[in-house]
Number of protein chains: 2
Amino acid sequence: MSAGVRIGQLARNAGVGIHAIRFYERRGLLRRPPRSEGGYRLFDPDDARDLKFIRKAQSLGFSLAEIRELLILERTSAPGCVHVRDLLRRKLSDVRSKIEELKALEAQLASGLRKCQRELNRSRGQPEKGCPVLKELADAKESEDSK
Amino acid sequence: MSAGVRIGQLARNAGVGIHAIRFYERRGLLRRPPRSEGGYRLFDPDDARDLKFIRKAQSLGFSLAEIRELLILERTSAPGCVHVRDLLRRKLSDVRSKIEELKALEAQLASGLRKCQRELNRSRGQPEKGCPVLKELADAKESEDSK
DNA sequence: CTTGACTCTAGAGTTAACTCTAGGGTTTAC
DNA sequence: GTAAACCCTAGAGTTAACTCTAGAGTCAAG
């Protein structure tokens, strides 16, 4: 019955900007919809579903390129589970190594913060001898930090 | 004695590109060095130290803008510890919340992966009934994931 | 004095995922 | 029939932190 909803409506429904919708179309995530006589895009409800798919997949850390692949898999109703599994594995290992990196960072920052705090306590009213954290950064310790 | 080292040498010493060095200068992280008659930059050893400072601070997750502040603090030999502490606190809380986000993600991805695996086992030779992960993404569950 | 390695500046290009603009045309409600 | 609200395209702008280019000048060795 509904002859198709226009881009603004779809954008409001899905909670994205109209520019983003056109952008997804250009990137091949959304199929290009039929047009009205005047050239307006006329979307159908499936497109709203695709938009939600996109946002959900994004929240799982997939890039638009990856989401495009997922959407294509989904549309062709091919098996695809193997491919999806591989994507999930890759993402999972990315996420895990990022967590490890961040934990190491956390430890370093926390240690710096403790030093900072100690110096601030020590130097109440006394002559400051300089921030220990800055000193540490400046001391070329030749510690080859990763990237 | 050394009248100053040129940009290529400095770059090799510090392990960064010469373009990055000029870039840091433009961004105010490195002081602009004196020039030779022909207009070549003549750096002194302190600049190598600053470059190492930059790389180390970057590895701690500071942005160039933040590093510029840190370098300025360090140069003016002002107390500064309070400011540094605040920066460290902010970074630390950023890092911690990022870790939490990633852990939530990890759980979701791992759960998807398990489902995927189960389906693959189940459907050995049997008709595939479609990837459960794709299904889940497509089902507009209205779960408002953050962003 | 010529060759090759080096350096200079200004500015464009890179990546991701949008976001916005200019300069138009279309629909619809009054 | 006209004004408000909507839509179109093509392309520029955004962010961070570089990276690279073109076209020209400089320096050291032989």
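Everything quoted here is computed from the prediction, not taken from an experiment. (Residues numbered from 1 in each chain as written. Chains lettered and ligands numbered in written order. Predicted model: local features only at pLDDT ≥ 70, side-chain atom pairs only at ≥ 80, totals over all residues. Heavy atoms only, no water.)

**Observations concerning the packing of aromatic side chains**
Residues and elements named next belong to chain B.
- Counting across every chain of the model gives two aromatic pairs over all chains.
- Ring geometry for Phe 23 versus Tyr 24: centroids 6.2 Å apart, planes at 55 degrees, classification tilted.
- Its relative accessible area of 29% is what places Phe 23 among the partly exposed residues. (Phe/Tyr/Trp six-rings, centres within 6.5 Å; stacked < 30°, edge-to-face > 60°. Buried < 20%, exposed > 50% of the residue type's maximum accessible area, 1.4 Å probe, protein only.)

**Looking at the interface of chain B and chain A**
- Taken residue by residue, the interface counts 53 residues in chain B and 53 residues in chain A.
- Between chain B and chain A, roughly 4900 Å² of surface is buried when both sides are summed, and carbon and sulfur atoms account for 75% of that area.
- Across the chain B-chain A interface, the total number found is two salt bridges.
- Residues B:Glu106 and A:Arg96 are paired through a salt bridge, measuring 2.7 Å at the closest nitrogen-oxygen approach.
- Inspection of the chain B/chain A interface yields three residue pairs in polar contact (both at pLDDT 80 or more).
- Of all the secondary structure elements, the ones that give two or more residues to the side of chain B that touches chain A are α3 (45-59), α4 (64-76), α5 (81-122) and α6 (132-138) of chain B.
- Element by element, the count of residues in the side of chain B that touches chain A is highest for α5(B), at 25 residues. (Contact = heavy atoms within 4.5 Å. Buried area = accessible area lost by both parts, 1.4 Å probe. Salt bridge = Lys/Arg side-chain N within 4 Å of Asp/Glu carboxyl O. Polar contact = N/O pair within 3.5 Å; in protein donor to acceptor, adjacent residues only side chain to side chain. Helix = DSSP H or I, 4+ residues; strand = E, 2+ residues; numbered from the N terminus.)

**Digging into the protein's contact with DNA strand D**
- Around DNA strand D lies a shell of 19 residues, among which A:Gly8, A:Arg22, A:Arg41, B:Tyr40 and B:Gln58 are the nearest.
- Among the atoms of DNA strand D lying within 4 Å of the protein, the sugar-phosphate backbone contributes 72%.
- One nitrogen or oxygen atom from the side chain of B:Gln58 is found 2.6 Å from a phosphate oxygen belonging to DNA strand D.
- One of the backbone N or O atoms of B:Leu64 is found 3.4 Å from a phosphate oxygen in DNA strand D.
- Contributing elements (two or more residues each) for the surface near DNA strand D: α1 (7-14) of chain A together with α2 (18-26) of chain B.
- Looking at the surface near DNA strand D element by element, the count peaks at four residues for α2(B).
- Tallied by class, the residues present in the surface near DNA strand D amount to seven nonpolar, seven polar and five charged. (Near = heavy atom within 4 Å. Nonpolar A, V, L, I, M, F, W, Y, C, P; charged D, E, K, R; others polar.)

Remember that the coordinates give geometry; whether it matters functionally is a separate question.
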